[in-house]
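Chain residues, written in single-letter form:
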Amino acid sequence: MARKSLGGMSGIANTIARSGTSSSEQRPKTSAPALGALQGSLASIREVDPALVDDWGPIDRLEAFTTVNDEEDEGFEGLKDSIRDGGQQVPILIRRSKTAEGRYEAIYGRRRLQACRELGIKVRANVQDVDDATALLAKGLENAARRNLSFYEKARFAQAIQTAGHDPTTVRQVLNLSASGLSHLSKVTQNVPAKVGDMIGAAPKSGRPRWTELAELFVAGKLTEAVALELLNRLTGTSNADERLERLIKEATKRGAKTSPTAKETTVVEGVTIKTGRSALSLSAKKTGTNAGFAVWLEKNLSQIIEDSYAEFTAVNPADDS
């Protein structure tokens, strides 16, 4: 699939990126471009029944309304109170449904949309005819500006953007990432199975170090998808996402320590010792003492003994290259 770049998008993508809002409702605390109503498009803003608006696009949140920090105005209830008291100041962005007459698809603004649903009022929406590529970029830019995705949600959303055909440069622009920042996200999505991530959840309080630690457990073979899912099944419903992540890491680390073989020595006959460790085994025979003669004989015949034993082994295990 040919990769899509931001430069090849229609002019509306840049308009979205440049547009701003003067509202106090959920004001972004970032220098990234705020994404409110499109400039020069006031005629396209209308009030729409929330029941006519469906979600659209790749999932950007694993949990309905992730709260990344503890600031009250970033919580969903705080947003709902703000709209109840002062009205919805910032329109959401929607487009007409391609499959259902009279319905719409929400490109961004799910929190505002849900708040209006629960308040029983119409939602103020900016209706634009945008293609999938531009809609995806707008969705990503909105999240980047508001900074309300957790680290893992950003990782999954970055992966979804690339899966949709966009190149890494576009992903970095959409999510305001450096090259190393995207690399950190990719390490997690490439090594932590999606099913495991789904069961853990957004983990809004857990940043890159903890998710990277989990990814490294998979890379090192100390954790498999099956084992992780089994462990998480025991935790579901008894802890939140951050606690599930923390407990999974601790359990995997503990199990890895238990299953790691320790060095062991075995004396087969007097003067002959076999040492086994995690990655190798060795045999030693003393040329002094009671079995000194056996040690000399073993030195002369050991090569043949190993060759004969290996031939016997491969005859029984033809498919095993080890």
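Just so you know, these numbers come straight off a predicted model, no measurement behind them.

Trainee: When you look at the packing of helix α7 (residues 179–191) against helix α9 (residues 208–219) in this model, what are you seeing that I'm missing?
Mentor: In a packed pair of helices, the relevant descriptors are the angle between the two axes and the axis-to-axis distance. The interhelical angle for the contact between α7 and α9, taken along N-to-C directions, is 40°, at an axis separation of 9 Å. Taken as axis vectors, α7 and α9 run oblique relative to one another. As α7 packs across α9, the resulting crossing turns out to be left-handed. Together, H184, K187, V188 and N191 of α7 and R208, W211, T212, A215, E216, F218 and V219 of α9 make up the contact between the two elements. Residues belonging to the contact of α7 with α9 are distributed by class as follows: five nonpolar, three polar and three charged.

Trainee: Help me understand the pattern of salt bridges in this model?
Mentor: By the definition in use, this model includes 16 salt bridges. Salt-bridge contacts for K80 lead to E77; the nearest nitrogen and oxygen are separated by 3.8 Å. Of this pair, K80 and E77 are both found in helix α2 (residues 76–86), three residues apart, which corresponds to roughly one turn of the helix. By relative accessible area, K80 is classed as buried at 11%. The partner of R156 in a salt bridge is D198, with the nearest N and O atoms 2.9 Å apart. Linking R156 in helix α5 (residues 151–163) with D198 in helix α8 (residues 194–200), this pair joins segments that are 42 residues apart in sequence. Overall, the relative accessible area of 17% leaves R156 in the buried class. When its relative accessible area of 44% is taken as the criterion, D198 is described as partly exposed. The network of salt bridges with common partners includes R95, K98, E105 and D132.

Trainee: What is the right way to read the pairing of strand β5 (residues 123–127) from this model?
Mentor: Across a regular strand the side chains alternate sides, sitting on one face of the sheet and then on the other. For β5, the tally of buried residues reaches four of five residues, placing the bulk of the element in the interior. Alignment of strand β1 (residues 45–48) against β5, held across four bridges, turns out to be antiparallel. Counterpart to V48 in the pairing with β5 is V123. When strand β3 (residues 92–96) meets β5, the two strands line up parallel, connected through three bridges.

Trainee: Hey, could you run me through the sheet that holds β3 in this one?
Mentor: For sheets, the rule is that strands pair by backbone hydrogen bonds, running either parallel or antiparallel. Read from one edge to the other, the open sheet built from five strands follows the order β1-β5-β3-β4-β2, with strand pairing classed as mixed. Looking along the sheet, the strands with just one partner apiece sit at the ends: β1 and β2 (53–55). Ignoring which end each strand starts from, the neighbouring axes of this sheet average 50° apart.

Trainee: Please explain the nonpolar core as it appears in this structure.
Mentor: One broad trend across soluble globular proteins is that nonpolar side chains are buried collectively. The biggest cluster of nonpolar side chains holds 43 residues, and the ones touching the most others in it are V196, W211, L214, L223 and L248. Among the elements that make up this core, the one with the highest residue count is α5 (six residues). What L214 contacts, discounting residues up to four positions off in sequence, is V192, I200, L223, L245, L248 and I249. Judged by nonpolar contacts, the second largest core, of 11 residues, contains I94, Y104, L113 and V127.

Trainee: Is there a simple way to explain the pairing of strand β6 (residues 264–269) in this structure?
Mentor: Sparse coverage of β6 is indicated by the burial of zero of its six residues. Bridging between β6 and strand β7 (residues 272–276) involves five bridges; their strand directions are antiparallel. What sits directly across from T266, in β7, is I274. The loop that links β6 with its antiparallel partner β7 comprises two residues; one of these, G271, has a positive phi angle of about 90°.

Trainee: Help me understand a nonpolar patch on the surface in this model?
Mentor: Together, V268, V269, L283, F294, W297, L302, I305 and I306 give the surface a local cluster of nonpolar side chains, amounting to about 680 Å² of exposed area. Those elements that place two or more of their residues in the nonpolar patch are β6 and α12 (292–316). It is α12 that contributes the most residues to the nonpolar patch, five residues altogether. Classification of F294 by relative accessible area gives partly exposed; the value is 35%.

Trainee: Mind showing me how you'd approach the packing of α5 against α7 here?
Mentor: For the pair α5 and α7, the least separation of the axes is 9 Å and the interaxial angle reads 90°. Taken together, the axis directions place α5 and α7 in an arrangement best described as roughly perpendicular. Each of F151, Y152, K154, A155, R156, A158, Q159 and Q162 in α5 lies in contact with α7, whose residues at this interface are L182, H184, L185, S186, V188 and T189. Its residues assigned to classes, the contact of α5 with α7 comprises seven nonpolar, five polar and two charged.

Trainee: Explain the sheet that holds β6 here, please?
Mentor: Strand order in the open sheet made by the three strands is β6-β7-β8, with antiparallel pairing throughout. If you trace the sheet from one side to the other, it starts and ends with β6 and β8 (281–285), each paired once. Direction aside, the axes of adjacent strands within the sheet are offset by 20° on average.

Reading the values: rules and limits
- Residues numbered from 1 in each chain as written.
- Predicted model: local features only at pLDDT ≥ 70, side-chain atom pairs only at ≥ 80, totals over all residues.
- Heavy atoms only, no water.
- Axes fitted to C-alpha atoms, helices over the stretch in contact; angles between N-to-C directions.
- Helix = DSSP H or I, 4+ residues; strand = E, 2+ residues; numbered from the N terminus.
- Parallel < 35°, antiparallel > 145°, perpendicular 65-115°, else oblique.
- Left-handed = near helix turned anticlockwise from the far one by under 90°.
- Contact = heavy atoms within 4.5 Å.
- Nonpolar A, V, L, I, M, F, W, Y, C, P; charged D, E, K, R; others polar.
- Salt bridge = Lys/Arg side-chain N within 4 Å of Asp/Glu carboxyl O.
- Buried < 20%, exposed > 50% of the residue type's maximum accessible area, 1.4 Å probe, protein only.
- Pairing = 2+ DSSP bridges.
- Core = buried A, V, L, I, M, F, W, Y, C linked by side-chain atoms within 4.5 Å.
- Patch = residues over 30% accessible without salt bridge, like charges linked within 9 Å, V, L, I, M, F, W, Y side chains within 5 Å.
- Areas by Shrake-Rupley, 256 points an atom, 1.4 Å probe, with all protein chains shown as cover.

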